[in-house]
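Chain by chain, the residues:
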Amino acid sequence: MLLIHCPYCEEARPELEFRHAGEAHIARPAGIAEISDEAFEAYFFIRDNTKGIVFERWRHIHGCGRFFNAARHSVSDRFVVTYRAGEPKPELSGEQVAAAAPGGKATPANAAAGVNGKAAR
Amino acid sequence: MRRFSGFALAREAMREHKGWGRQWESPEPRSQYDVVIVGAGGHGLATAYYLAAEHGITNVAVLDKGWLGGGNTGRNTTIIRSNYLYDESAAIYDHAVRLWEGLSQALNYNVMFSQRGVMMLAHNVHDVQVLKRHVHANRLNGVDNEWLDPAAARAFCPPLNISKAARYPVVGAALQRRGGVARHDAVAWGYARAASARGVHIIQNCEVTGIHRGPDGAVTGVETTRGAIRARKVGVVAAGHSSVVMAMAGLRMPLESFPLQALVSEPVKPCFPCVVMSNTVHAYISQSDKGELVIGAGTDQYTSYSQTGGLHIISHTLDAICEMFPMFTRMKMLRSWGGIVDVTPDRSPILAKTPVKGLYVNCGWGTGGFKATPGSGHVFAHTIARDDPHPINAPFTLERFRTGRLIDEAAAAAVAH
Ligand SMILES: Cc1cc2nc3c(=O)[nH]c(=O)nc-3n(C[C@H](O)[C@H](O)[C@H](O)COP(=O)(O)OP(=O)(O)OC[C@H]3O[C@@H](n4cnc5c(N)ncnc54)[C@H](O)[C@@H]3O)c2cc1C
Ligand SMILES: [Zn+2]
């Protein structure tokens, strides 16, 4: 089970309190009825599904109830950072990525998320 | 390669089984093949076998980054059934079940296909409606499936607790008697052996790291950790890694990869006669011929390539197993593991040509593709050999997510299957 740092509650809590909500930073097209089938497919169905750093949405459903974003390494499952909804996609340093990768010098995953999470705001 | 037969068995028994030899070759990769298959799981190996056996295309390599059958093929709970709701799904999964029925003979390899029946439990009104709808739809498609009341379900599977006081009361069940299980490793080995005997090269520890394309955009080969290999046709059958491999050709896929877990108990004497699935509580159980209970759990909620999942997922499944089968409450679990399953938005696979000429994809089988292994390989080989889909896989396109012509087994089942 993951430990997830909620950037609103400012606390690491067990995954059971959270609901994963898919890839982050996918903007819903304005005028969705007018867009082409290709644009709708890209928005609705196509996903990066990256092996490496993923940007994803979480909702602290059994806590504050709010949506936020996270950067996580999808092989180690270690979080790099969590940040509030509406904030831009963070630029991650090579060290941050290396520390989150499998075999990286972790900094217990979520402790790192907590520290970086504050720094990112 | 020696053919297996009663006579061969007797002969080998006389000489301490020293004469069997290797079951498939491990050749050095050639610089060029007619077809390269990426992924030596059951589906990739079956594709290569049918290319050779049915289409006479034997200059084929199957490449795997690990060992053959080390992906989901060797990690799954081996449930085989074909009682899917939609016509397209019934056609492809039942095509597979019909091939399973003759597979050991066709491959001259015992895949231990056992049609012991797959029973899907209903715990609430919604389940009853969904499963009865499946029963009717399946019968119209010539796929066997029947409705059982709780007493009949218990008669078919005596360990089942049908008490009304149970936490997940059993209010009925749908039974496909032609469903069952097979030995997962034997499926990979059997296809590998039969394909190798027909000249197919199986190359393990050979990761595909790039897909080469010519000036016209068509595929010209692959880059691997063992050098470049030229091929005008490349079939990607990489399960959980499909998005990663397809990205090498610049294609973004309608896929997400999730961990899915399974576990086995200590081996005990035969006590569980069939396969029981409960979609509602995410529990899947059968007993292997070694005597272990084989239990499948649900997926984790987040995408991952970690091949491990959360403990709470399997513990939730075991809670349900203990409620439904109280006699298992004191069984010890020996091992648990995870695989990475590639899930499409409509929970149906993609077996198709792609916008890149010469590139074919067979993916999106998600949590339930083992059962389809022979059928999938059979129609995918046709698609590659003829550069045109077989009628059975024609609906399973990549374009359906643009046209909206989905095969929405996700809505039909609303759970892992
Ligand atoms: C725990 C679990 C339980 C399941 N239970 C069932 C069940 O009961 N019934 C059912 O029908 N299905 C079940 N499934 C699903 C089933 O296992 C899969 O749908 C099926 O095995 C997919 O077959 P495959 O041959 O495509 O995949 P795999 O066996 O995973 O083969 C893909 C291969 O591609 C290779 N590969 C990936 N990337 C590269 C690369 N870059 N270069 C070279 N090779 C590469 C991998 O190493 C792998 O060997 C289950 C899955 C899991 C994980
Ligand atoms: Zn919170």
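Residue indices begin from 1 for each chain and proceed along its sequence in written order. Chains carry letters from A onward and ligands carry numbers from 1 onward, assigned in written order. At least 70 in pLDDT is required for a residue's local features to be given in this predicted model, at least 80 for side-chain atom pairs to be given and counted, and no such filter applies to totals for whole chains, interfaces and linings, which use all residues. Heavy atoms throughout the structure, all of them, feed into the side-chain values; hydrogens and water do not.

Explain the site of ligand 1 to me, please; I cannot follow it from the model alone.
Residue and element names in this part refer to chain B. The near set for a molecule or strand comprises every residue that places at least one heavy atom within 4 Å of it. Around ligand 1, the structure places 36 residues, and the nearest of them are Asp 64, Asn 72, Thr 73, Thr 77 and Lys 371. A distance of 2.9 Å is found between an oxygen atom of ligand 1 and a backbone nitrogen or oxygen belonging to Ile 79. Distance and chemistry together define a polar contact, namely a pair of N or O atoms within 3.5 Å, with one atom able to donate a hydrogen and the other to accept it when in protein, and with adjacent residues in sequence counting only for side-chain atoms on both sides. At 2.8 Å, a backbone N or O of Lys 371 approaches an oxygen atom of ligand 1. Using a 1.4 Å probe, accessible areas were evaluated by the Shrake-Rupley method; residue-level cover was limited to the displayed protein chains. Across the complex, the protein chains shield 96% of the 1,000 Å² of accessible surface that ligand 1 would expose by itself. Elements are defined by DSSP. Helices are runs of H or I of four residues or more, strands are runs of E of two residues or more, and each kind is numbered from the N terminus. Of all the secondary structure elements, the ones that give two or more residues to the shell around ligand 1 are helix 2 (42–55), strand 13 (256–265) and strand 17 (333–343). Here the shell around ligand 1 takes three residues from strand 13, the largest share from any one element. Here the nonpolar group is Ala, Val, Leu, Ile, Met, Phe, Trp, Tyr, Cys and Pro; Asp, Glu, Lys and Arg are the charged ones; every other residue, Gly included, is treated as polar. In terms of residue class, the shell around ligand 1 is made up of 14 nonpolar, 17 polar and five charged. The start and end points of each domain follow an automatic or database-based domain assignment. Among the domains, domain 1 (8–76 + 184–256 + 345–403) and domain 2 (114–179 + 257–343) are the pair contributing at least three residues each to the shell around ligand 1.

Sorry, what's going on with the packing of helix 2 of chain B against helix 7 (residues 184–197) of chain B here?
Geometry of a packed helix pair, given as the angle between the helix axes and the separation of the axes. All names here are of chain B. Packing of helix 2 against helix 7 leaves a shortest axis separation of 9 Å and a crossing angle of 30°. Relative to helix 7, helix 2 is oriented roughly parallel. Note on packing geometry: the crossing formed by helix 2 with helix 7 is left-handed. Contacts from Gly 42, Leu 45, Ala 46, Tyr 49 and Tyr 50 of helix 2 reach helix 7 at Ala 188, Tyr 191, Ala 192, Ala 194 and Ala 195. For the contact of helix 2 with helix 7, a count of residues per class yields nine nonpolar, one polar and no charged. Fitting a line to C-alpha atoms yields each axis, with helices limited to the stretch in contact; the angle taken between N-to-C directions then spans 0 to 180 degrees. Angle categories are assigned with fixed cut-offs, so that under 35 degrees is roughly parallel, over 145 is roughly antiparallel, 65 to 115 is roughly perpendicular, and the rest are oblique. Crossings are classed by handedness, with left-handed meaning an anticlockwise turn of the near helix from the far one by less than a right angle and right-handed meaning a clockwise turn. Contact criterion: two residues are considered in contact whenever any of their non-hydrogen atoms come within 4.5 Å of each other.

How should I be thinking about the interface of chain B and chain A in this particular structure?
When the parts come together, some accessible area is lost, and that loss is often what is quoted as the size of the interface. The interface of chain B with chain A comprises 23 residues on the first partner and 24 residues on the second. Together chain B and chain A conceal approximately 2,100 Å² of surface at their shared face, both sides included; 50% is due to carbon and sulfur atoms. Salt bridge, as used here, is a side-chain nitrogen of Lys or Arg placed within 4 Å of a carboxyl oxygen of Asp or Glu. At the boundary of chain B with chain A, the tally comes to two salt bridges. The salt bridge involving B:Arg402 is made with A:Glu38; its shortest N-O contact spans 3.5 Å. The interface formed by chain B and chain A includes 15 residue pairs in polar contact (both at pLDDT 80 or more). Going through the elements one at a time, helix 8 (242–247), strand 13, helix 9 (311–324) and helix 11 (400–403) of chain B are the ones with two or more residues in the side of chain B that touches chain A. Looking at side-chain class alone, the side of chain B that touches chain A contains eleven nonpolar, nine polar and three charged residues. Buried area: the sum, over both parts, of the accessible surface (1.4 Å probe) that disappears when the two are put together.

Help me understand the domain arrangement of chain B, please; the structure alone is not making it clear to me.
Residue and element names in this part refer to chain B. For chain B, the domain assignment lists domain 1 (8–76 + 184–256 + 345–403) and domain 2 (114–179 + 257–343). Facing the 18 residues of domain 1 at the interface are 15 residues of domain 2. A buried area of about 1,400 Å², summed over both sides, lies between domain 1 and domain 2, and 52% of it is on carbon and sulfur atoms. Counting the surface domain 1 buries against domain 2, the share from its top three residues, Arg 75, Gly 240 and Glu 256, is 46%. At the junction of domain 1 with domain 2, the criterion picks out zero salt bridges. Per-element accounting of the side of domain 1 that touches domain 2 gives the leading share, three residues, to helix 8. For the side of domain 1 that touches domain 2, a count of residues per class yields seven nonpolar, eight polar and three charged.

In this structure, what is going on with the coordination of the zinc ion (ligand 2)? I would like to understand it.
Reference geometry at the metal: tetrahedral coordination by four donors gives ideal angles of 109.5 degrees; octahedral coordination by six donors gives 90 or 180 degrees. Residues and elements named next belong to chain A. Here a donor is any nitrogen, oxygen or sulfur atom (N, O, S) within 2.8 Å of the metal, with 3.2 Å used for Na, K and Ca; water is not among the atoms considered, so some sites may look incomplete. Binding of the zinc ion (ligand 2) to the protein goes through Cys 6 (SG), Cys 9 (SG), His 60 (ND1) and Cys 64 (SG), at separations of 2.0 to 2.3 Å. Any coordination sphere not matching a tetrahedral pattern (four donors, all angles between 85 and 135 degrees) or a square planar or octahedral pattern (four or six donors, opposite donors over 155 degrees apart, other angles between 65 and 115) is reported as irregular. One can describe the site at the zinc ion (ligand 2) as tetrahedral: its four donor atoms subtend angles covering 106 to 116° at the metal. Within one chain, the residues serving as donors to the zinc ion (ligand 2) are arranged as C-x2-C-x50-H-x3-C. Categorising residues by exposure relies on relative accessible area from a 1.4 Å probe, with only protein chains included: less than 20% of the type maximum marks a residue as buried, more than 50% marks it as exposed, and the intermediate range marks it as partly exposed. By relative accessible area, which is 2% here, His 60 ends up buried. When its relative accessible area of 32% is taken as the criterion, Cys 64 is described as partly exposed.

Help me understand the pattern of salt bridges in this model?
Residues and elements named next belong to chain B. Tallied over the entire structure, the rule returns 23 salt bridges over all chains. Residue Glu 28 is joined to Arg 226 by a salt bridge in which the shortest nitrogen-to-oxygen separation is 3.3 Å. With Glu 28 in the loop between helix 1 (6–14) and strand 1 (35–38) and Arg 226 in the loop between strand 10 (219–224) and strand 11 (227–230), this pair connects stretches of sequence that are 198 residues apart. The class for Glu 28 is exposed, based on a relative accessible area of 60%. When salt bridges that share partners are traced, they join Asp 94, Arg 98, Glu 101, Asp 144 and Arg 178 into one network.

Hey, could you run me through the pairing of strand 18 (residues 350–353) of chain B in this one?
In regular strands, side chains alternate between the two faces of the sheet. The pairing criterion for strands is at least two bridges between them, as found by DSSP. Relative to strand 19 (residues 359–363) of chain B, strand 18 of chain B runs antiparallel, the two being bridged by four bridges. Within strand 19 of chain B, the position partnered with B:Lys353 by the bridge is B:Tyr360.

What should I look at first to understand the sheet that holds strand 4 (residues 53–59) of chain A in this one?
Backbone-to-backbone hydrogen bonds join strands into a sheet, with any given pair of strands oriented parallel or antiparallel. All names here are of chain A. Within the open sheet, the four strands sit side by side as 3-4-5-6. Their pairing is antiparallel. Unpaired on one side and paired on the other, strand 3 (19–23) and strand 6 (79–84) mark the two borders of the sheet. Neighbour to neighbour, the strand axes of the sheet diverge by 30° on average, direction disregarded. Both strand 3 and strand 4 contribute to a ladder of three bridges, which runs antiparallel. From the neighbouring strand, Glu 23 faces strand 4, where its bridge partner is Glu 56.

I keep staring at the packing of helix 2 of chain B against helix 10 (residues 373–386) of chain B and nothing clicks. Help me out?
Residue and element names in this part refer to chain B. Their axes nearest at 7 Å, the elements helix 2 and helix 10 cross at an angle of 55°. In terms of orientation, helix 2 and helix 10 fall into the oblique class. At the point where helix 2 passes helix 10, the crossing takes the right-handed sense. Residue-level contacts link Gly 42, His 43, Ala 46, Thr 47, Tyr 50, Leu 51, Glu 54 and His 55 of helix 2 to Thr 373, Pro 374, Ser 376, Gly 377, His 378, Phe 380, Ala 381, His 382, Ile 384, Ala 385 and Arg 386 of helix 10.

Can you walk me through the pairing of strand 1 of chain B in this structure?
Residues and elements named next belong to chain B. Because side chains alternate across strand 1, one face comprises the buried residues Val 35 and Ile 37, and the other comprises Val 36 and Val 38, equally buried. Pairing of strand 1 with strand 12 (residues 233–236) involves four bridges; the strand directions are parallel. Looking at the pairing, Val 35 lines up with Lys 233 of strand 12.

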